[in-house]
Structures are given as C-alpha cells and as structure tokens.
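A look at the structure
The lines below spell out each chain.
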Amino acid sequence: MANNDSSSDLFTQAQALMPGGVNSPVRAFRSVGGSPFFTARAEGAHLYTSDGRELIDYVCTWGPAIHGHHDPDIHNSIAAALERGTSFGTPNADEVRMAKQIVSMVPSVEKVRMCNSGTEATLSAIRLARGYTGRDKIIKFAGCYHGHVDSLLVKAGSGALTLGNPDSAGIPASFAAETIVLEYNDPEAAKACFAEQGDQIAAIIVEPYPANCGLILPDSGYLEGLRSLCSAHGALLIFDEVMTGFRLAAGGVQELTKITPDLTALGKIIGGGLPVGALGGKAEIMDHLAPLGPVYQAGTLSGNPLAMAAGIASLEKLCERQPYSALHAKGAQMAEALRAAAQVKGLPLQVPQVGSMFALFFANEPVRNFSQATASRTKAFKQLFNHALKNGVYLPPSPYETCFISTAHQSHHIEKTIQVLVDGIHRIDL
Ligand code: KE4
C-alpha cells in the first residue's frame, strides 16, 4: 500500500511502536546522527525515499541486492512462484534446485540445510560443530559479527559495535564462557589458544574477510594457518560467508583462497532479497543434523517456495553473467579515487577494497584488526556520511559496516559518487 507520510512522520509513529523505531538497530542512524529516512521503493542502484528523494545506494539492503534493487528476473521468478502458493510445509522441487545450485557454486559444500537468516545459519553451524565434535568451546574474532546468536554476541561487530555494546546484555556468563575471543590476524594467539585448550575447541567461526567492523583483509597465510590448526586439533573450521558468499566470487572467499572450510554459513544474496540463510558443508558432518543425526535444527519456513524462487534466480543470474571482474573494477575505481583525494588533502584515510566491497577508515595505517578499527576517527566518517546523504549518496550509516556495489551501479553512478565523496573528503574537519 502506498503511504504518503514523510520519513519524519513515519519515524515518530515507528518509535511509538518499535524499539528505536526500527526492526534492526543498525538502521537507526545512532552513530551518524539524525533520523533514518524511510524508503518508499527501490529500483536498480537507487532508493526512493518517502520524502521523494533519489539516493544512490551503497548499502544494497546490507548485501543481498548484488543485481540492484527490483531485478526483473528475480521479480518474475517470485511472481511465477506466487501463482503456485506461498508456503507448503512439505518438501518442494525448488528446494532441490536451490541445493543443487549451492553445491555447484560453493566448493566445500556437499550437503545443504536451508533456513531463514544468516543468524540461523551460524547458530546452526556452531550447534552442529559442538554436536559433531562433542566439544563445547568456540573461537570467534573480535569485531566479527555472526548475527545475534547468544554465544557469538561477544565482542561482536556491525550494529552491536555501532551501538557500543559489542557484548550484549542478556547473555548468561555461562554462555559467554564457552566463547573464546581472539584478535583477527594474530596467528600466535590462535596457536597459543589451541596449545592450551585445543581438545576442548569444537570450532573456529570466522568471517574470512571481516566486514562488520569496516572491511579487514587477512595477512598472507593467516587463514591457511587457521585451517591447519583446526585440522591438527580435530576442530571444525566454519567460514561465515553470509556476506562474502556469492558476493566476491561464485564460490565466495573459499574459491578465491582455495581454502576448504568444514562448514559454511550463507545468507543475503542467497535469498534474492527474501529471508533466506543456509548451512552447508561436508556430507559426513551435515548428516549429523536431524532427522538423520542427533543435532536438532528446524524451521517452519525453511526452503519456502517464494524465497527459493528469488534465491535461485539471483544465483543463476550470477552464474550466467559472471559479473565479478566488472564489479571489482568499479570497486577499485572508487577506492583509488578516494585514496587519491585524501592524499591531496593530507587526510588519514584507508579504503580497503575487494571486489564490490569497500570501507572507509579515517586512520593513519591500514586497519588489520578490531582494535585498530575502533581507534579510527569515527567523527570524520560521520561528517562524510552526512555530506554524502545530503548530496544523494547513501553509505552504510556506521563506520563499522562495508559498502556494496551492485551490477546496477553504472559508470555515471560511480562517477557521481566519487565527485560527492571527494568533495566531502575536502570538507572534513578532523
Ligand atoms: P542476518 O541474521 O542479519 O540475516 O545475518 C547475520 C549475519 C551473519 N554473518 C555475517 C557475516 C553478517 O554480516 C550478518 C548480518 N550482517 C548485518 C550487516 N553487517 C545485517 C544488518 C542488520 O543487522 O540489520
């Protein structure tokens, strides 16, 4: 239903009905000031706000919209599925089609369990790792965000970090005690941890390229080291590719690095904009899931036919179009232009970029871990965010997120964005 209320009116109504006026905290603009705009519709590279504004969108609904918004192929696939009903509660052919698609794209995945969000995928992955190994402890890394799973909301990134509560209230100390938090890109810390308690560690869960505390890339050999440690100590390596899966390559980071995790959590792009997550991995491990094995995992709408139709269309389009080198070129063009502008101004700006993902840290040195990310100048980011928004460019409303480029971002969108952001960089007052 079309609504003619302004964003401000809608936000006033929303705050009376939903905590913070949002259904997910990072949307609340708490770290960049002001109030969030409301979106009336989205098309291609643009969001159209309830105030009649057109914005070039670099949030891409936090990752799913790799083909841009309102993609016609995804739209038509959903419309066709809709003619057959919305949910059956029984197995349906599109679940088989989706599973075949994932297995064909993600190198390490032999079997798949569909669910409804990235959070469900990661919570299922750690439960499966604990059930399979008979061990309790999980290693995660400071700044990584794996969804709002109780035992993983410890030194978490994304909205938790944005709001300054990386360790959420409401999580019993007994839960947190089973989670070991290490600094990313610190191989010695990981080695020491396994030397001390390797026989208690069920798994490492890692965003292979952490993108929930800005974007951090691994030092050479770091991920390979985690793989070796897990293999040597009988722990599982879980790649949380909810964000990077299908985003950086058809097979995600594990295709780029040729590292084989034991389990992979997937989400975002896999749903084509509808709620979908998935857990995949070696058949021998996955077969420990109910109804075959003792590890329970379930979901009323898991494998929902509409969501499968949207996700299959999204993944098939990626396989047909193979847009990754073009997306990388756009990301590199953006990053190089912003670095050059900052250098001219003598501004400490790091722009980590890989493929269609990039982030902005106002820091003197490249950011390699959580501590360095949180030491960056967030006030400068806030200035740039608001300058960009005022000039029609929507960056993620937090310095602890990552920007996404879609195939709908044409050269003129990139060029306009560079012009706006370079102007914003020149106006920053540290
Ligand atoms: P969801 O439960 O939000 O679908 O996925 C959780 C999740 C798991 N793993 C990774 C690597 C993720 O990035 C996420 C969710 N990402 C955030 C944005 N950085 C979602 C945005 C939000 O919380 O509203």
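Residues numbered from 1 in each chain as written. Predicted model: local features only at pLDDT ≥ 70, side-chain atom pairs only at ≥ 80, totals over all residues. Heavy atoms only, no water.

Quick word on helix α1 (residues 7–17)
Put simply, the rule reads: Buried means the residue's accessible area, taken with a 1.4 Å probe over protein chains only, is under 20% of the maximum for its type, while exposed means over 50%, and partly exposed covers the values in between. By the criteria applied, helices consist of DSSP H or I runs no shorter than four residues and strands consist of E runs no shorter than two, each listed in order from the N terminus. Arc, as used here, means the arc of the directions from the helix axis to the C-beta atoms.
Taken as a whole, α1 has its buried residues at Ser7, Leu10, Phe11 and Ala14. For α1, the angular spread of the buried residues around the axis is 100°, confining them to a single face. Residues of α1 that are exposed and angled more than 90 degrees away from the buried face: Ser8, Thr12 and Ala16.

A short note on the domain arrangement of the protein chain
Selection rule: For the purposes of this description, domain bounds are those given by an automatic or database domain assignment. The quantity reported as buried area is the accessible area (1.4 Å probe) lost by two parts once they are put together, taken as the sum for both. What counts as a salt bridge is simple: a side-chain nitrogen of Lys or Arg found within 4 Å of a carboxyl oxygen of Asp or Glu. Distance and chemistry together define a polar contact, namely a pair of N or O atoms within 3.5 Å, with one atom able to donate a hydrogen and the other to accept it when in protein, and with adjacent residues in sequence counting only for side-chain atoms on both sides.
Structurally, the protein chain comprises domain 1 (7–62 + 323–427) and domain 2 (72–320). Centre-to-centre separation of domain 1 and domain 2, based on C-alpha positions: 25 Å. For the domain 1 face of the interface with domain 2, the top three residues by lost area are Tyr324, Arg368 and Phe370, together amounting to 30%. At the boundary of domain 1 with domain 2, the tally comes to one salt bridge. For aspartate 219, the salt bridge is made with arginine 368, and the minimal N-O distance between the two is 2.4 Å. For the pair domain 1 and domain 2, the number of links is eleven residue pairs in polar contact (both at pLDDT 80 or more). Broken down by secondary-structure element, the contributors of at least two residues to the side of domain 1 that touches domain 2 are β11 (353–354), β12 (357–358) and α13 (370–374).

Some thoughts on the site of the ligand
Spelled out, the test is: Here a residue is considered near a molecule or strand provided that any single heavy atom belonging to it is located within 4 Å of it. Accessible surface area values rest on a Shrake-Rupley calculation with a 1.4 Å probe, where residue burial reflects the displayed protein chains alone.
Looking at the ligand, there are 17 residues lining it, with Ser24, Thr119, Asn212, Asp240 and Glu401 nearest. Here tyrosine 145 contributes a backbone N or O atom positioned 3.4 Å from a nitrogen atom of the ligand. With the chains in place, 88% of the 530 Å² that the ligand exposes on its own is no longer accessible.

Some remarks on the sheet that holds strand β4 (residues 111–115)
The criterion, for reference: Strand pairing is defined by DSSP finding a minimum of two bridges between the two strands. Each axis is a line fitted through C-alpha atoms, and for a helix only the stretch in contact is used; angles between axes span 0 to 180 degrees, taken between their N-to-C directions. In what follows, residue pairs with any heavy atoms lying within 4.5 Å of each other are defined as contacts.
Strand order in the open sheet made by the seven strands is β4-β10-β9-β8-β7-β5-β6, with mixed pairing throughout. The two strands at the open ends of the sheet, each matched to only one other strand, are β4 and β6 (179–182). When strand polarity is set aside, the average angle formed by the axes of neighbouring strands in this sheet is 20°. Bridge count between strand β8 (residues 236–240) and strand β9 (residues 263–266): three bridges; the pairing is parallel. Each residue of the ladder has a partner; that of phenylalanine 239, found in β9, is threonine 264. Where helix α8 (residues 222–233) meets the sheet, it contacts β5 (137–141), β7 (201–206) and β8, and its direction lies at approximately 145° from that of β8.

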